[in-house]
Amino acid sequence: MPMAPDKPVAPKLSDVPTPEGRFGAFGGRYVPETLIAALEQLSAMYERICRDGKFWDELHDLLRTYVGRATPLFKAERLTGHVRAGAGAGRGATIWLKREDLAHTGAHKINNTLGQAMLAVRMGKQRVIAETGAGQHGVATATAAAHFGLACDVYMGAEDARRQHLNVVRMKMLGANVVEVDAGSKTLKDATNEALRDWMGSSDHTHYILGSVVGPHPFPMIVRDFQSIIGREIKAQSLRLMQKLPDTIVACVGGGSNAAGAFFPFIDEAAVKLVGVEAGGRGKGPGEHAAPLNLGKPGVLHGSMSYVLQDENGQTADVHSCSAGLDYPGVGPEHSYWKDAGRVSYTAATDAEALDAFTLLARTEGIIPALESAHAVAHALRAAVEMKADQHLVVNLSGRGDKDVDEAARLLSIRAESPPGR
Amino acid sequence: MSRIDDIFADLRRDGRKALMPFVCAGHPRRGDTALLLPALERAGASVVEVGFPYTDPIADGPVIAQAMHGALRAGVTPRMVFEEVGSIREWLKVGLVAMVSYSIVHGVGGAGRFVGMAKDAGFDGLIVPDLPLEESGEVRAAAAAAGLTMSMLIAPSTPVERAEALAKASTGFVYLLARAGITGDGSGIPDVSGRVSRLRTFSPLPVAVGFGVSTPEQVRGVVRHADAAIVGSALVRRLTEAKTAGRDPIAEAEGFVGSLAGGLVG
């Protein structure tokens, strides 16, 4: 009897990484041998807790009672009205805000730091370290460290410590030691270098709580998994509030942790359009932006293969963004994988567009977003105008903007003094 | 047989050990590397590691990282390093090992291309410190095809079975890190005799020990067990200081490495 040939089952796009940490051509583990044992230990512990229901029960209990999850999915009616006023007939999607800004410490970063701090405790490590750009991951790490009674050192570029001073004060109040990094560009990339250097000599008693979906395997996977609660909540809330899945989800992308968390549960839902928004800065020239997925090429930075902004010799390029959290030349390897697979589209919003969106959201909805999240809002405004009025667009509002008010006021006053065209 | 193999075979036959200084290409000034290499040879180096400056060298401490940033600010590129080394190669007997981040290997066009340029410039071997065993297949194959050695690093935290796999994947010599952490000459070096003798049970390759070696006594302590002592930050720091103070960095490096070479005998 002739046998029907087995139909090959298409592998799901979400079925990554491989055991070696590969997301297609991206990811991997490009770090000195000194760190391999610590990464192996982390991989093994993570594999164990993945089968440990008690770990996840404990984490979800904390996320509920300590972080305040689930964060609301809020219908931004006045912002939607603003979009519809400038849209054609029957156009202008309803805009919803996933309110990660309402999570304890004011951003999504806490979802990951609590999970990783619990991992640190299970591995018997008494100290945690972190890198931070905008300071939100530093604050969230300092918070988790205080909650679990761990020593905490946070590396922060000196330029970022200046423009995000409020978060420096918060970290110190939480008992963390803030180490300002004066090397290189004095921003997130250099803070990450220093945190990795610390870990090279301290991994026997220290866990490195990496703050984004970057770095060597298993960090991109672990951070994505801890952040995926954002997307799972969006899914459940959309079904309840819209009676369907959203048409589009928009999130800003620096390293890409809030976007990965919002997108991952939707990766196999082809009908949901996913858009990542990078920092367009002040132009497309070298050093003017921080948009590796839009303007970079594959390379290696901080332990993984991904799109990166570098020169023809593999040297990391200078970057610029008004937002310290997006001011990074690399991006998580899974985003590179999603880009090349055509699953997620990546665009950029400029400093000016982000500042406009920052102001508009404050005035239409009474919500001051983080400058990072304002990039997502900026693109959402562009996208919603083109969408139909019965469609729904969710913006992941990854953080609140208290930390940014001084810097935003400074940038807005500079702009007021030099109007365009002069 | 590569030049590195010959050098270690000769040393072994004579019962001698090797000094392996590290310099950062283009440091302390552009053009100094072509002057430093003969000076280090005169001072008693058997092999010299030439570091390719990189913006984000996570395995390196502040001394080497600052040297690299200085060289990059001076406009040093991998092509310039190859040209400079190529210009002096025929007058040198020392083995030359390129110490280079995988970001640069990938950035200039991949393993085959980088290894080809290294070979043409007269390098004898490669160390890619941020390329662990699992990711190293392509570079090792390219190095083997070109006749260059490729030394893998073994850390204090490396389990024995993995150390064996790393040694088996190496050619030329094995690079044993004396301690965890980043490069730097501040905290001295622990006793590595146990690790070296364990390594010898499964690998015939010469063992070079680095990280923290900065005095003739430390060189002596290392080569009592190992085949070679690597000196990095201590030399780079002296080069930086000499340039800053307006002294001749080349002469100073020759004097310093010459004094370290005293630790190879007796």
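Only a predicted model underlies this, so the values are computations on that prediction, with no experimental measurement involved. (Residues numbered from 1 in each chain as written. Chains lettered and ligands numbered in written order. Predicted model: local features only at pLDDT ≥ 70, side-chain atom pairs only at ≥ 80, totals over all residues. Heavy atoms only, no water.)

Novice: Can you tell me about the overall build of chain A, naming the residues and giving the values?
Specialist: Of regular secondary structure, chain A possesses 16 helices and 14 strands. In terms of overall size, chain A behaves like a compact globule, its C-alpha atoms giving a radius of gyration of 21 Å where 422 residues would be expected to give roughly 22 Å. Principal axes of the C-alpha set define a box for chain A whose edges measure 75 × 60 × 50 Å. Relative to its full complement of 422 residues, chain A shows a buried share of 63%. Relative to all contacts within chain A whose residues are 6 or more apart in sequence, the contacts with residues 24 or more apart total 76%. Of the roughly 15500 Å² of accessible surface on chain A, 54% is carried by carbon and sulfur atoms. (Helix = DSSP H or I, 4+ residues; strand = E, 2+ residues; numbered from the N terminus. Rg over C-alpha atoms; globule rule 2.2 N^0.38 Å. Buried < 20%, exposed > 50% of the residue type's maximum accessible area, 1.4 Å probe, protein only. Contact = heavy atoms within 4.5 Å. Areas by Shrake-Rupley, 256 points an atom, 1.4 Å probe, with all protein chains shown as cover.)

Novice: An account of the pattern of salt bridges is requested, with residue identities and associated values reported.
Specialist: All names here are of chain A. Under the counting rule described, the total for this entry stands at 44 salt bridges over all chains. Across the pair Glu-233 and Lys-98 runs a salt bridge, and its minimum N-O distance is 2.6 Å. In this pair, Glu-233 sits in helix 10 (residues 229–241) while Lys-98 sits in strand 4 (residues 94–99), placing the two residues 135 residues apart along the sequence. The residues Glu-233 and Lys-98 share a single accessibility class, namely buried. (Salt bridge = Lys/Arg side-chain N within 4 Å of Asp/Glu carboxyl O.)

Novice: Can you break down the nonpolar core residue by residue, with the values?
Specialist: Core analysis: the largest hydrophobic core is formed by 196 residues, its most contacted members being Leu119(A), Phe263(A), Phe114(B), Phe123(B) and Leu126(B). Considering every element that reaches this core, the biggest residue donor is helix 1 (residues 33–50) of chain A, with 8 residues. Formed by 31 residues, the second largest nonpolar core is a distinct cluster that contains Leu309(A), Ala378(A), Ala383(A) and Ala384(A). (Core = buried A, V, L, I, M, F, W, Y, C linked by side-chain atoms within 4.5 Å.)

Novice: Let's hear about the sheet that holds strand 6 (residues 153–154) of chain B: which residues, and what values?
Specialist: Residues and elements named next belong to chain B. Pairing in this open sheet of 9 strands is parallel, and the strands run 5-4-3-2-1-9-8-7-6 from one edge to the other. Of all strands in the sheet, those bounded by a partner on one side alone are strand 5 (149–150) and strand 6. Judged from the 3 bridges that link them, strand 3 (residues 95–99) and strand 4 (residues 125–127) form a sheet pairing that is parallel. Paired with Val-97 across the strands is Gly-125, a residue of strand 4. The strands that helix 9 (residues 193–202) touches are strand 6, strand 7 (174–177) and strand 8 (207–210); relative to strand 7, the one it contacts most, it runs at about 150 degrees. (Pairing = 2+ DSSP bridges. Axes fitted to C-alpha atoms, helices over the stretch in contact; angles between N-to-C directions.)

Novice: Which residues make up the side chain of Ser321(A), and what values go with them?
Specialist: Residue and element names in this part refer to chain A. With respect to the helices and strands, the residue Ser-321 is situated in the loop between strand 12 (304–308) and helix 13 (333–341). Residue class for Ser-321 comes out buried when judged on its relative accessible area of 0%. There is a polar contact of 2.9 Å between the side chain of Ser-321 and the backbone nitrogen of Ser-323. (Polar contact = N/O pair within 3.5 Å; in protein donor to acceptor, adjacent residues only side chain to side chain.)

Novice: Any details on unusual backbone geometry? Residues and values, ideally.
Specialist: Cis peptide bonds are those with omega within 30 degrees of zero, and the linkage from Arg69(A) to Ala70(A) qualifies with 0 degrees. Turning to its location among the elements, Ala70(A) is positioned in the loop between helix 2 (53–67) and strand 3 (73–75). Cis rather than trans, the peptide bond between His27(B) and Pro28(B) has omega equal to 5 degrees. Of note in this structure, Lys186(A) is not a glycine but carries a positive phi near 60 degrees. Within the secondary structure, Lys186(A) is located in the loop between strand 7 (177–181) and helix 8 (188–202).

Novice: Describe the side chain of Lys109(A), naming the residues involved and giving the relevant values.
Specialist: Residue and element names in this part refer to chain A. Inspection of the secondary structure assignment puts Lys-109 in helix 4 (residues 109–122). Comment: no salt bridge for buried Lys-109; closest opposite-charge side chain is Glu-131, at 6.3 Å. In terms of polar contacts, Lys-109 uses its side chain to reach the side chain of Ser-257, at 3.3 Å. When neighbours within four sequence positions are excluded, Lys-109 is seen to be in contact with Gln-136, His-137, Ala-140, Gly-211, Ser-212, Gln-227 and Ser-257. (Lys, Arg positive; Asp, Glu negative; His and termini not counted.)

Novice: Give a detailed account of helix 3 (residues 77–85) of chain A, specifying residues and quantitative values.
Specialist: All names here are of chain A. Of all the residues in helix 3, the buried ones are Leu-79, Thr-80 and Val-83. Down the axis of helix 3, the sector holding all buried residues measures 100 degrees, keeping them to one side. Across from the buried face of helix 3, at angles greater than 90 degrees, the exposed residues are Glu-77, Arg-78 and Ala-85. Its buried side turned inward, helix 3 meets strand 4, helix 14 (351–365) and helix 15 (371–386). (Arc of directions from axis to C-beta.)

Novice: An account of the packing of aromatic side chains is needed here, citing residue identities and associated values.
Specialist: All names here are of chain A. Under the definition given, this model contains 16 aromatic pairs over all chains. Between Tyr-46 and Phe-226, the ring centres sit 6.1 Å apart and the planes meet at 85 degrees, which makes this aromatic pair edge-to-face. Of this pair, Tyr-46 sits in helix 1 while Phe-226 sits in helix 9 (residues 219–227); the two residues are 180 residues apart in sequence, bridging distant segments of the chain. Judged by relative accessible area, Phe-226 falls into the buried class, the value being 3%. (Phe/Tyr/Trp six-rings, centres within 6.5 Å; stacked < 30°, edge-to-face > 60°.)

Novice: Talk me through the packing of helix 14 of chain A against helix 16 (residues 405–417) of chain A; I want residue IDs and the actual numbers.
Specialist: All names here are of chain A. Between helix 14 and helix 16, the least distance of the axes is 11 Å, while the angle of their chain directions is 115 degrees. As judged from the angle between their axes, helix 14 and helix 16 are roughly perpendicular. Considering only the axes of helix 14 and helix 16, their crossing is left-handed. Every residue of helix 16 that contacts helix 14 at Ala-352, Leu-355, Asp-356, Phe-358 and Thr-359 is listed here: Ala-408, Leu-411, Leu-412 and Arg-415. Its residues assigned to classes, the contact of helix 14 with helix 16 comprises 6 nonpolar, 1 polar and 2 charged. (Parallel < 35°, antiparallel > 145°, perpendicular 65-115°, else oblique. Left-handed = near helix turned anticlockwise from the far one by under 90°. Nonpolar A, V, L, I, M, F, W, Y, C, P; charged D, E, K, R; others polar.)

Novice: Got a sec to walk through the interface of chain A and chain B? Specific residues and values, please.
Specialist: Accessible area lost when the parts come together is the quantity often used to give the size of an interface. Each partner contributes to the interface: chain A provides 28 residues, whereas chain B provides 35 residues. Taken over both partners, the interface formed by chain A and chain B buries close to 2600 Å², and the fraction arising from carbon and sulfur atoms is 53%. The largest share of the area that chain A buries against chain B comes from Glu33(A), Arg197(A) and Asn313(A), three residues that together contribute 28% of it. At the junction of chain A with chain B, the criterion picks out 3 salt bridges. Here Asp56(B) ties to Lys189(A) by a salt bridge, and the two come within 2.9 Å at their closest N and O atoms. On the surface where chain A and chain B come into contact, there are 17 residue pairs in polar contact (both at pLDDT 80 or more). Counting residues per element, the ones that place at least two in the side of chain A that touches chain B are helix 1, helix 8 and strand 11 (297–301) of chain A. If one sorts the elements of the side of chain A that touches chain B by residue count, helix 8 of chain A sits on top with 6 residues. (Buried area = accessible area lost by both parts, 1.4 Å probe.)

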